[in-house]
Amino acid sequence: MPRPTVAQFAYGSCTVVFSTLALLLLSGTSSGAGVAVVAVSALALGLLVAVTVPLPAPRRSAAVVRPAAPQPVRATVPAPSRGPVRESVREPVRERAAS
């Protein structure tokens, strides 16, 4: 059986208190039996409200989306020319890690 959440306690308690006050003021009862009926009715209404509060969705630990690792940047620069014009040789450029 799942444990009640804070929201269920709060909604149920507020319902019991406010419905008891409203029923006592509206009914105008002063007898012990009338007050007992109002109290039992308010408790039943508070329990009903607490049970019908929607429960939070279950946590999904297996479906955690992790960001992809950053890919290294590849760049090419032409080789320095040493004489006649020739095709540039492509070399990978290594960057220093950011600190």
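Predicted, not measured: the structure shown is a model, and the values here were computed from it. (Residues numbered from 1 in each chain as written. Predicted model: local features only at pLDDT ≥ 70, side-chain atom pairs only at ≥ 80, totals over all residues. Heavy atoms only, no water.)

**Describing the overall build of the protein**
Turning to step 1, where the next piece is worked out: If you tally the helices and strands in the protein, you get two helices and two strands.
Turning to step 2, where the next piece is worked out: Starting at the N terminus and walking to the C terminus, you meet the elements of the protein as α-α-β-β.
Turning to step 3, where the next piece is worked out: Within the protein, the proportion of its 99 residues that are buried is 10%.
Turning to step 4, where the next piece is worked out: For the protein, the proportion of contacts with a sequence separation of at least 24, taken over those separated by at least 6, is 39%. (Helix = DSSP H or I, 4+ residues; strand = E, 2+ residues; numbered from the N terminus. Buried < 20%, exposed > 50% of the residue type's maximum accessible area, 1.4 Å probe, protein only. Contact = heavy atoms within 4.5 Å.)

**Focus on the layout of surface pockets**
Turning to step 1, where the next piece is worked out: Of the pockets and cavities examined, the largest pocket occupies roughly 240 Å³.
Turning to step 2, where the next piece is worked out: The wall of the largest pocket is formed by ten residues, among which P2, P4, Q8, A50 and V51 lie closest to the centre.
Turning to step 3, where the next piece is worked out: For the lining of the largest pocket, the leading source of residues is helix 2 (residues 32-52), giving three residues.
Turning to step 4, where the next piece is worked out: Of the residues belonging to the lining of the largest pocket, the class tally is eight nonpolar, one polar and one charged. (1 Å grid on protein atoms, 1.4 Å probe; cavity = no way out; pocket = protein on both sides within 12 Å on 5 of 7 lines; lining within 4 Å. Points joined across faces, edges and corners; volume = space filled by probe spheres on them. Nonpolar A, V, L, I, M, F, W, Y, C, P; charged D, E, K, R; others polar.)

**Some details on the confidence of the model for the protein**
Turning to step 1, where the next piece is worked out: Residue-level pLDDT values for the protein average 80, and 76% of them are 70 or greater.
Turning to step 2, where the next piece is worked out: Least confident of the elements in the protein is strand 2 (residues 91-92), whose mean pLDDT is 68; most confident is helix 2, at 93. (pLDDT = per-residue confidence, 0-100.)

**Examining a nonpolar patch on the surface**
Turning to step 1, where the next piece is worked out: Together, V17, F18 and L21 give the surface a local cluster of nonpolar side chains, amounting to about 310 Å² of exposed area.
Turning to step 2, where the next piece is worked out: With respect to the helices and strands, the residue F18 is situated in helix 1 (residues 6-27). (Patch = residues over 30% accessible without salt bridge, like charges linked within 9 Å, V, L, I, M, F, W, Y side chains within 5 Å. Areas by Shrake-Rupley, 256 points an atom, 1.4 Å probe, with all protein chains shown as cover. Salt bridge = Lys/Arg side-chain N within 4 Å of Asp/Glu carboxyl O.)

**With respect to the environment of T76**
Turning to step 1, where the next piece is worked out: Counting through the fold element by element, T76 comes out in strand 1 (residues 76-77).
Turning to step 2, where the next piece is worked out: For T76, a relative accessible area of 44% puts it in the partly exposed group.
Turning to step 3, where the next piece is worked out: C-alpha separation for the pair T76 and R94, spaced 18 residues apart in sequence, amounts to 9.7 Å.

**Observations regarding helix 2**
What sets the pattern is the α-helix's 3.6 residues per turn: residues three or four places apart point alike.
Turning to step 1, where the next piece is worked out: Relative to the 30 Å expected for 21 residues at 1.5 Å per residue, helix 2 spans 30 Å between its end C-alpha atoms, a close match to the ideal helical length.
Turning to step 2, where the next piece is worked out: In this structure, the buried side of helix 2 is in contact with helix 1. (Expected span 1.5 Å × (residues − 1).)

**What to know about the environment of L48**
Turning to step 1, where the next piece is worked out: Position of L48 among the secondary structure elements: in helix 2.
Turning to step 2, where the next piece is worked out: Sequence separation between L48 and T15 is 33 residues; the distance between their C-alpha atoms is 9.5 Å.

**As for helix 1**
Turning to step 1, where the next piece is worked out: Taking 1.5 Å per residue as the helical rise, helix 1 with its 22 residues ought to reach 32 Å, and the 31 Å between its terminal C-alpha atoms agrees with that figure.
Turning to step 2, where the next piece is worked out: Along helix 1, the residues classified as buried are Q8, G12, T15 and S19. In a view along the axis of helix 1, the buried residues occupy a sector of 60°, so they form one face of it. In helix 1, those exposed residues whose orientation departs by more than 90 degrees from the buried face are V6, F9, F18 and L25.
Turning to step 3, where the next piece is worked out: Turning to helix 1, the residues buried within the fold contact helix 2.
Turning to step 4, where the next piece is worked out: Immediately beyond the C-terminal end of helix 1, within one or two residues, lies G28, with a positive phi of roughly 65°. (Arc of directions from axis to C-beta.)

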